[in-house]
Amino acid sequence: TRVYVLHMSAFVILLAIGWGIVEWEGRGEVHSLYAVVPLLLVAPLVIQNADGFEHSWSYHREYDYIVHGPENPTAREMFDAVVRCTRGDDVVLFARARAMNLYTNRRSIQTGDVNLGLQRADWMVLSNDDVDYYEPKVNEQNYRDYGLVKVWSNEEFTLYRVGPAPGDMRDPCPPVSQ
């Protein structure tokens, strides 16, 4: 969304500059339509994305720090735990599915809908902070209500197994003692 806003802002500024140049050259009212028509074409996109834009804007106003990427030591620990605890054909629910797939070679999905995610995933990795940015609303207080088993955690991430361990395999990551 931030990239979308950046592109749209640049587009609108360029249109305004173009409109100003056309007016400055004295070509008048006929050429000002060159700026109005693209604005009208873009308006449905802006309206369609208004809800996501508002959510992203409020998030980035509150959290203006730089988020560490997948090479952060705590993220590397999490990826190592996922590789150690999961099988190659398991599906992991994670807010950054492409990074999970790249660093662990596990299939990964991304959704904010906890029920949909739990139907499709075998494992779930969530950030430990209370940031509500397109992650399922699962936390330390309610994870058991969703049938999750807390298996591993560090200061930034927690790995949950969706349901009990399958009976046909030994559990490489026993649950964290409660």
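What you are looking at is a predicted structure, and each value in this text was computed from that prediction instead of being measured.

Caption draft 1: Representation of the overall build of the protein chain within the structure. Summing up its helical and strand segments, the protein chain has 6 helices and 5 strands in all. Secondary structure elements of the protein chain occur, N-terminal to C-terminal, as α-α-α-α-β-α-β-α-β-β-β. Of all 178 residues assigned to the protein chain, the portion counted as buried reaches 32%. In the protein chain, the proportion of contacts linking residues at least 24 apart, taken out of those at least 6 apart, comes to 56%.

Caption draft 2: Summary view of helix α4 (residues 73-85). With 13 residues, α4 ought to run about 18 Å at 1.5 Å a step, and its terminal C-alpha atoms sit 18 Å apart, in line with that. Buried residues of α4: T74, A75, M78, F79, A81, V82 and C85, and no others. One side of α4 carries all its buried residues, which in axial view fall inside an arc of 160°. Where the residues of α4 are buried, they touch β1 (91-93), α5 (97-104), β3 (123-127), β4 (148-153) and β5 (157-162).

Caption draft 3: Structural detail: the nonpolar core. Counting residues in hydrophobic clusters, the biggest one holds 17 residues, and the most contacted among them are M78, V82, M100, V125, W152, F157 and L159. Among the secondary structure elements, those contributing two or more residues to this core are α4, α5, β3, β4 and β5. Of the residues forming this core, the biggest block, 6 residues, is contributed by α4. Counting 11 residues, the second-largest nonpolar core is a separate cluster that includes L93, L118, A121 and L148.

Caption draft 4: Broad picture of the side chain of S108. As for its placement among the helices and strands, S108 is situated in strand β2 (residues 107-109). For S108, the side chain forms a polar contact with the main-chain oxygen of V92, separated by 2.8 Å. With residues near it in sequence (within four places) discarded, S108 still touches V92, F94, A97, M100 and N101.

Caption draft 5: Highlighting α5. All of the buried residues in α5 are A97, A99, M100 and T104. The buried residues of α5 all sit within an arc of 160° when viewed along its axis, so they share a single face. Seen from the open side of α5, the exposed residues pointing more than 90 degrees away from its buried face are R98 and L102. Buried residues along α5 sit in contact with α4, β1, β2 and β3. After α5 finishes, the residue N105 shows a positive phi value of roughly 60°.

Definitions and cut-offs
Residues numbered from 1 in each chain as written. Predicted model: local features only at pLDDT ≥ 70, side-chain atom pairs only at ≥ 80, totals over all residues. Heavy atoms only, no water. Helix = DSSP H or I, 4+ residues; strand = E, 2+ residues; numbered from the N terminus. Buried < 20%, exposed > 50% of the residue type's maximum accessible area, 1.4 Å probe, protein only. Contact = heavy atoms within 4.5 Å. Expected span 1.5 Å × (residues − 1). Arc of directions from axis to C-beta. Core = buried A, V, L, I, M, F, W, Y, C linked by side-chain atoms within 4.5 Å. Polar contact = N/O pair within 3.5 Å; in protein donor to acceptor, adjacent residues only side chain to side chain.

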